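Each chain is listed here by its residues.
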Amino acid sequence: MLKEMILEKDRQWGGILSAAGTALLSALLSYSTADSWAASVNCAAAAAAPPVCSAAVLVGSIAAYLITGTVLKQGMIICSLILIAAGKWIISNTDSGKNSAFIAMLSMAFSSAVFGLIMEHSAVNFIIYLIVSAVMSAAAYFIYESFGILKSGKPLEYDGNVAASLTIVYLIIITSLSGLSFFVLNIGRIVSSFAVLTAARRFRYTGGSVCGILSMTAVFICSSELGIHTVFLGIAGFAAGFVSDYCRITSSAVFLAVNFCGQLIFGMDDASFCMQADAVIGCLIFMILPERILMNGNLLADKISEPGGEKLVNARMEFAAGALVDVRKNVEDIIKALESKSVSYSNVEKVSENVCGKCRNKLICWENNFERTNADFIKLDKQSSPDTEHFPIGLSECIHKDEIAAGFARCRKEEAVSKMMAVRLNESRSILFSQMEITESIISSMSDRMHFSYSKNMTKLLCSCLDKYNCKFSTAIAYYNKFSKLILEIYISNKLDINAEELAEQVSFEINIPLEVSDVFNSGNETRIRMNQTPKYEIEYCSSQYSAKSSEPSGDSCGFFYDGLGNAFIYISDGMGTGKQAAVDSAIVSNLFKRLIKSGIDCESALKMINSIMLAKSDEESFATLDICRIDLETGDLTMFKTGAASTIIRYDDAVMMFNAPSYPIGIIPEMQIYTKKCCFGEGNTIIMLSDGVDESLYLYIKEQLLNNPDLEQITENICSGARKKASDVNRDDITVSGVRLMLRENIKHMNYA
């Protein structure tokens, strides 16, 4: 309760400060002009802002007009602001860019008619006011859209919609600021110079030239006299972009030199010196501000990886997966074709060829009496152990009885060996094809998961930060995931002793983005440290266990971990039986699963690979169940994976649901079937995962606990205690209960990483 009161108080103070800042900003903008006309940007800002801030714009503007004594002169703007503020309060649904533009257009058009036609009796002024109204209504739309993009908290992706909004808002800001001058200094041109250098620093010559041209356009809109000396901003930004890899002093020097040469072309006068003074001040601001502010990845995501590159990698991986499928099918077809064409010789043919082929009586036995001799040989072949005492009557006069009996005995042994080799061959083929299928799924899944965009600037900043703190690394890369959240990956030698948490704090300070260590993973001789921006959700995790025998360890393994890519995995593994061997099997399965997921393999492929490992682990029968819940911490999406596991129970806001499906545990059959289920899940929802030691008759008790008990730790302990009391003394099994609750991060007291 106290925490909620503090949060509510913070929100109130935030609203007051926001309104005060809006009023002050609108007062400053009230001094802005565009070619001797008073700028009407305040009207667009008021229409795009929330009702409280819209009223603050009105108050700030009127205060500024009272101070300057221009209240009567700015009657049209004041009237428009009053109507806009009233409209924002009266109309309930103004939360869209189109509604903001509509309110601005309607209010300003009405004010234009009142002041242009009635008060001033001028049709020309009325038309001018209407044109300004149309421009400001469009400005209100783009300002609203820009506010929405900034409020999302995601780095700005420079796509079509964002580009249009940012361009219009940038033009509005520079145009408005260009109307503000103090002595010989112009605020708009100072900000323009700083913005051009920053764009050149982040996006090289492309950013510098584009920002320079936009700045020149904005200053020209405000005043052609001021704008004529800014025509070289685009060229200066272009030149500064070419040296952006060097220090900021070099970029500033090149920018000033090119701009000065441009002023010389027009001829140096007082206005030229003023422009150069504005550029110098802009360069000083650019050099004084810390690099981490200029390169802040939260402002604009410099996603330089072209979509075509990502598509090419995906296409190649999918093609490789398809090629493996074709190879596997071709091998299967070849094996079938060879088996169908193989000629098999009967034992009768083998023995008769080896023994009778060299006998002088061959013509008598096999040509003159073929049917009788062949029938007698068939009888010998059917005997389990042929000997000379049990020879058929027709072969009683045969002089090679011992050799014939030995031949059939040898055929018996060859058949046994052949059958054993065939079984082994089939097992080898099955394992080979299974591994090929797993490889296919791994390649295919990795191509599906490649939804990221590489950031050159953030990678450069990360490397310089690591060098600054003497962190020796082999590879460091920064990229944005599909939710525009920044992820950093650093690869270092296992021999280096580095505190990942301290390193994250240092990197966070340098790049001006709060980061947390989401994963530290060792593989071979390298350690991967993965840091990422804070996701929207976090999990609250509790578990409770009882061993079947107090003198032996539990045969169940449970826990949770993060994969470093925005997903939380919660698992329970139940080994066969109880005691040490069951504990070993469940630990092997859960540890392998954890390592494979952190290596970047998808869940189903990891389970298939673990199944193959458990089958080939030893001659002894050993298996374990595995129950997995994967939660996307950005969206809250839940996916369950079950291999022979018990039911999972989910408590929603007003309902409790149970999910179960028959499936085989890991390590029993080669062709395993994985039960997969995607479920709705959201803030405050709770998952209860169980091992086989919890009897199904307790499900009503579990439901009662979920509906009436808010304490997750107490719920797991109560269920575990109830299951222990319910279990019989004869067939007692290990009991494990895990509880997971999805929470917004601001509501979580602390955070744990496995």
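If you're wondering where the values come from, they're calculated on a predicted model, not measured in any experiment.

What counts and what doesn't
Residues numbered from 1 in each chain as written. Predicted model: local features only at pLDDT ≥ 70, side-chain atom pairs only at ≥ 80, totals over all residues. Heavy atoms only, no water. Helix = DSSP H or I, 4+ residues; strand = E, 2+ residues; numbered from the N terminus. Buried < 20%, exposed > 50% of the residue type's maximum accessible area, 1.4 Å probe, protein only. Contact = heavy atoms within 4.5 Å. Areas by Shrake-Rupley, 256 points an atom, 1.4 Å probe, with all protein chains shown as cover. Axes fitted to C-alpha atoms, helices over the stretch in contact; angles between N-to-C directions. Parallel < 35°, antiparallel > 145°, perpendicular 65-115°, else oblique. Left-handed = near helix turned anticlockwise from the far one by under 90°. Nonpolar A, V, L, I, M, F, W, Y, C, P; charged D, E, K, R; others polar. Patch = residues over 30% accessible without salt bridge, like charges linked within 9 Å, V, L, I, M, F, W, Y side chains within 5 Å. Salt bridge = Lys/Arg side-chain N within 4 Å of Asp/Glu carboxyl O. Pairing = 2+ DSSP bridges. Polar contact = N/O pair within 3.5 Å; in protein donor to acceptor, adjacent residues only side chain to side chain.

Enquirer: Sorry if this is basic, but what is going on with the overall build of the chain here?
Expert: Across its full length, the chain holds 24 helices and 21 strands. Residue burial in the chain is summarised as follows: out of 754 residues, 46% are buried. Across the chain, the fraction of contacts at a sequence separation of at least 24, relative to all contacts at a separation of at least 6, is 69%. In the structure as shown, the chain presents an accessible area of about 38,500 Å², 61% of it carried by carbon and sulfur atoms.

Enquirer: Mind showing me how you'd approach the packing of helix 19 (residues 456–468) against helix 20 (residues 500–511) here?
Expert: How two helices sit against one another is set out by the angle between their axes and by the gap between those axes. Where helix 19 contacts helix 20, the two axes come as close as 10 Å, and the packing angle between them is 125°. Viewed along their axes, helix 19 and helix 20 adopt a mutual orientation that is oblique. Classified by chirality, the crossing of helix 20 by helix 19 is right-handed. Facing helix 19, whose interface residues are M458, L461, L462, C465, L466 and K468, helix 20 presents L503, Q506, V507, E510 and I511. The residue makeup of the contact of helix 19 with helix 20, split by class, is 8 nonpolar, 1 polar and 2 charged.

Enquirer: Help me understand a nonpolar patch on the surface in this model?
Expert: A contiguous nonpolar patch, built from V52, W89, I90 and I91 and spanning about 440 Å² of accessible area, is present on the exposed surface. Checked against the element boundaries, I91 lands in the loop between helix 4 (75–90) and helix 5 (97–119). Judged by relative accessible area, which is 37%, I91 ranks as partly exposed.

Enquirer: Would you mind showing me how to read the pattern of salt bridges here?
Expert: Side-chain pairing between opposite charges can occur once the charged atoms of the two side chains come close. Evaluated as defined, the whole model comprises 6 salt bridges. In this structure, the salt-bridge partner of K485 is E634, at a minimum N-O distance of 3.2 Å. Highlighted residues: K485 in the loop between strand 8 (475–481) and strand 9 (486–493) and E634 in the loop between strand 15 (624–632) and strand 16 (638–643), separated in sequence by 149 residues. Among the salt bridges present, the one from E516 reaches R745, with a minimum N-O distance of 3.0 Å. Remark: R745 occurs in the segment after strand 21 (735–744) and E516 occurs in strand 10 (residues 515–523); sequence separation between them is 229 residues. On the accessibility criterion, R745 (18% relative accessible area) is buried.

Enquirer: When you look at the sheet that holds strand 19 (residues 675–679) in this model, what are you seeing that I'm missing?
Expert: One key point about sheets: their strands pair by backbone hydrogen bonds, in either a parallel or an antiparallel sense. As summarised here, the arrangement of the 5 strands in space is 13-14-15-16-19, forming an open sheet in which the pairing is antiparallel. The open sheet terminates on both sides in strands that have one partner only, identified here as strand 13 (556–562) and strand 19. Each strand axis lies, on average, 10° off the axis of its neighbour in the sheet, ignoring direction. By the bridge criterion, 6 bridges tie strand 15 to strand 16 in an arrangement that is antiparallel. Residue pairing in the sheet places R630 in a bridge with T639 of strand 16. Sheet strands in contact with helix 21 (residues 580–598) are strand 13, strand 14 (567–575) and strand 15, and its direction is about 15° off that of strand 13.

Enquirer: Looking at this model, I keep getting lost on the side chain of S100. Mind explaining?
Expert: With respect to the helices and strands, the residue S100 is situated in helix 5. A distance of 3.1 Å separates a polar side-chain atom of S100 from the backbone oxygen of A47.

Enquirer: I keep staring at the sheet that holds strand 17 (residues 648–651) and nothing clicks. Help me out?
Expert: Ordered in space as 12-21-20-17-18, the 5 strands form an open sheet in which the pairing is antiparallel. Sheet topology places strand 12 (537–546) and strand 18 (656–659) at the edges, where each strand pairs with a single neighbour. Going from strand to strand, the sheet's axes swing by 15° on average, the running direction of each strand aside. Sheet analysis places strand 12 next to strand 21, joined by 10 bridges and oriented antiparallel.

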